[in-house]
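Below, each chain spelled out in residue letters.
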Amino acid sequence: MKIIFTCLVCIFCVPAFAQNRGEVIIVKDPLIDRLIEKRLELNKTVISPTITRSGPMVAQVGYRVQVFYGSDRRKTFLEQGRFKSLYPKLNTYIIYKEPNYYLRVGDFRTRLEAQRLMNELRPLFPTLFIFREKINAPILNDSND
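Throughout what follows, the structure given in this document is the object of discussion.

What counts as what
Residues numbered from 1 in each chain as written. Predicted model: local features only at pLDDT ≥ 70, side-chain atom pairs only at ≥ 80, totals over all residues. Heavy atoms only, no water. Pairing = 2+ DSSP bridges. Helix = DSSP H or I, 4+ residues; strand = E, 2+ residues; numbered from the N terminus. Expected span 1.5 Å × (residues − 1). Buried < 20%, exposed > 50% of the residue type's maximum accessible area, 1.4 Å probe, protein only. Arc of directions from axis to C-beta. Core = buried A, V, L, I, M, F, W, Y, C linked by side-chain atoms within 4.5 Å.

**Structural notes on the pairing of strand 4 (residues 92-97)**
Here comes step 1: The sheet contact formed by strand 4 and strand 5 (residues 100-108) spans six bridges and is antiparallel. Looking at the pairing, Tyr93 lines up with Arg104 of strand 5.
Here comes step 2: Counted between consecutive antiparallel strands, the loop separating strand 4 from strand 5 contains two residues.

**Things to note about helix 3 (residues 73-86)**
Here comes step 1: Over its 14 residues, helix 3 extends 20 Å from the first C-alpha to the last, a length consistent with the 20 Å expected when each residue adds 1.5 Å.
Here comes step 2: Three or more residues of helix 3 are buried, namely Thr76, Glu79, Gln80 and Phe83. All buried residues of helix 3 fall inside an arc of 105° around its axis, so they share one side. Counted as exposed and oriented over 90 degrees from the buried face of helix 3: Arg74, Leu78 and Ser85.

**With respect to the nonpolar core**
The nonpolar side chains of soluble globular proteins are, as a tendency, buried together.
Here comes step 1: Ranked by size, the top nonpolar core spans 16 residues in total, and within it Val65, Val67, Phe83, Leu117, Leu121 and Leu128 carry the most contacts.
Here comes step 2: Contributing elements (two or more residues each) for this core: strand 3 (59-70), strand 5 and helix 4 (111-121).

What follows is the structure in structure tokens.
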């Protein structure tokens, strides 16, 4: 008798615990929309005053020249400024791997391009190395100039 009564109670109680379908109301901050717009704007990078690249930067494997390394952060930024004053069109990248800072320059598709820059920089910067890593792919000119 107890078993039958327990089964009947279970059968009638199961629908009472069932969930009803409801609505989902999404509440979001308007700052999220502004951040998305800003992200889209940043993806349109300006290469020069006349050339604008739309879309994200494309990464590929290439070469960079390491111009400086050391544990002093200020000295690394000074070397970056010195390099930028000499070569304003080349991109510079500061990488921190404990305990040193590394200043790498350029986005070269081939090792030969990196070697040419390295030969040009040899009198100005004493410790130069070429590293193979992911680079931001440079824009290729389609014109036959």
